[in-house]
Every structure is written in C-alpha cells, then in structure tokens.
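# Understanding the architecture of this molecule
Chain by chain, the residues run as shown.
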Amino acid sequence: MIEVGELKEEVKRWAEKVGVSPKEIHMRKMRRKWASCSSKGRLTFSYDLLAQPEDFRAYVIVHELLHLKYPNHGKMFKALLRVYLQE
Ligand SMILES: [Zn+2]
C-alpha cells in the first residue's frame, strides 16, 4: 500500500518520461475504472490503485498519460505503451 503523495510522484515521474504535462492529478473513489483522463488534461486515479503492485500502477499511469497524446487505443498508443512498460 502506498500513499496518495507517492502515487502522484509516480505519475509525475512517468509524465516526464512520456513527455506530457497533466494539468491536474486527482484521486477519488471509482467504481468500475482505475483511472480516467479528461480532454482538458485532467487525470483522475482510483484510490484502489494505492493497493496495487508497482507494475500494475505503472500500466494504469502510462496508459492515462498516453491518452494526453493519443485519445484512442490505436497502433501508436499500443506500441508506446509497450515500449515504456518494458523498461
Ligand atoms: Zn484508454
């Protein structure tokens, strides 16, 4: 279990790697999703993510950050997701 501040730090570290700058990073209870991303660059993560292992957190975080560049799950999106998570 990590804390909210630690998760936000992880998001910021990944944002630097991915080369995006989320306008806001929020956390709240979410029922059916781990995270969401608004078209205005606002990211929201589920509190449940705090209890997930590091590699799963990375997957969710990078996924949302890539949506700041690519709104869909197209070829580029999937290719980059793989590249970042392999490191
Ligand atoms: Zn997505």
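The structure contained in this document is the topic of the report that follows. Please read all numbers here as calculations on a predicted model, not as lab measurements. Once a new chain begins, its residue numbering starts again from 1 and follows that chain's sequence as written. In keeping with the predicted nature of the model, local features appear solely for residues at pLDDT of at least 70, side-chain atom pairs appear and are counted solely at 80 or more, and the whole-chain, interface and lining totals rest on all residues. Side-chain numbers here rest on the full set of heavy atoms in the structure, without hydrogens or water.

This brings us to the coordination of the zinc ion. For Na, K and Ca the donor cut-off is 3.2 Å; for every other metal, N, O and S atoms count as donors within 2.8 Å. Water does not enter the count, which can leave sites looking incomplete. For the zinc ion, the full set of protein donor atoms is His63 (NE2), His67 (NE2) and His73 (NE2), and the range of their distances to it is 2.0 Å. Coordination of the zinc ion draws on donor residues from a single chain, spaced H-x3-H-x5-H in sequence. On the criterion of sequence distance, the pair formed by His63 in helix H2 (residues 54-67) and His73 in the loop between H2 and helix H3 (75-86) is long-range, its members being 10 residues apart. The class of His63 is buried, set by a relative accessible area of 14%. Accessible area is worked out with a 1.4 Å probe on protein chains only. A residue is then buried under 20% of its type maximum, exposed over 50%, and partly exposed in between. You can call His73 partly exposed: its relative accessible area is 45%. Numbered from the N terminus, helices here are DSSP runs of H or I no shorter than four residues, and strands are runs of E no shorter than two.

This part takes up the packing of aromatic side chains. Aromatic pairs are defined between Phe, Tyr and Trp rings, using the six-membered ring for Trp, whenever the two ring centres lie within 6.5 Å; interplanar angles under 30 degrees are classed as stacked, those over 60 as edge-to-face, and all others as tilted. All chains considered together, the criterion is met by two aromatic pairs. When the ring of Trp34 is compared with that of Phe56, the centres are 5.0 Å apart and the planes differ by 75°; the resulting orientation is edge-to-face. Residue Trp34 is found in the loop between strand S1 (24-28) and strand S2 (35-37), and its partner Phe56 is found in helix H2; the two are separated by 22 residues along the sequence. By relative accessible area, which is 33% here, Trp34 ends up partly exposed. Given a relative accessible area of 24%, Phe56 falls into the partly exposed group. Among the aromatic residues, ring-to-ring pairing joins Trp34, Phe56 and Tyr59 into one connected group. Charge over a ring is defined by NZ of Lys or CZ of Arg lying within 6 Å of the ring centre and within 35 degrees of the ring normal. Of note, Lys17 hangs over the ring of Trp14, and the distance from its end group to the ring centre comes to 4.7 Å.

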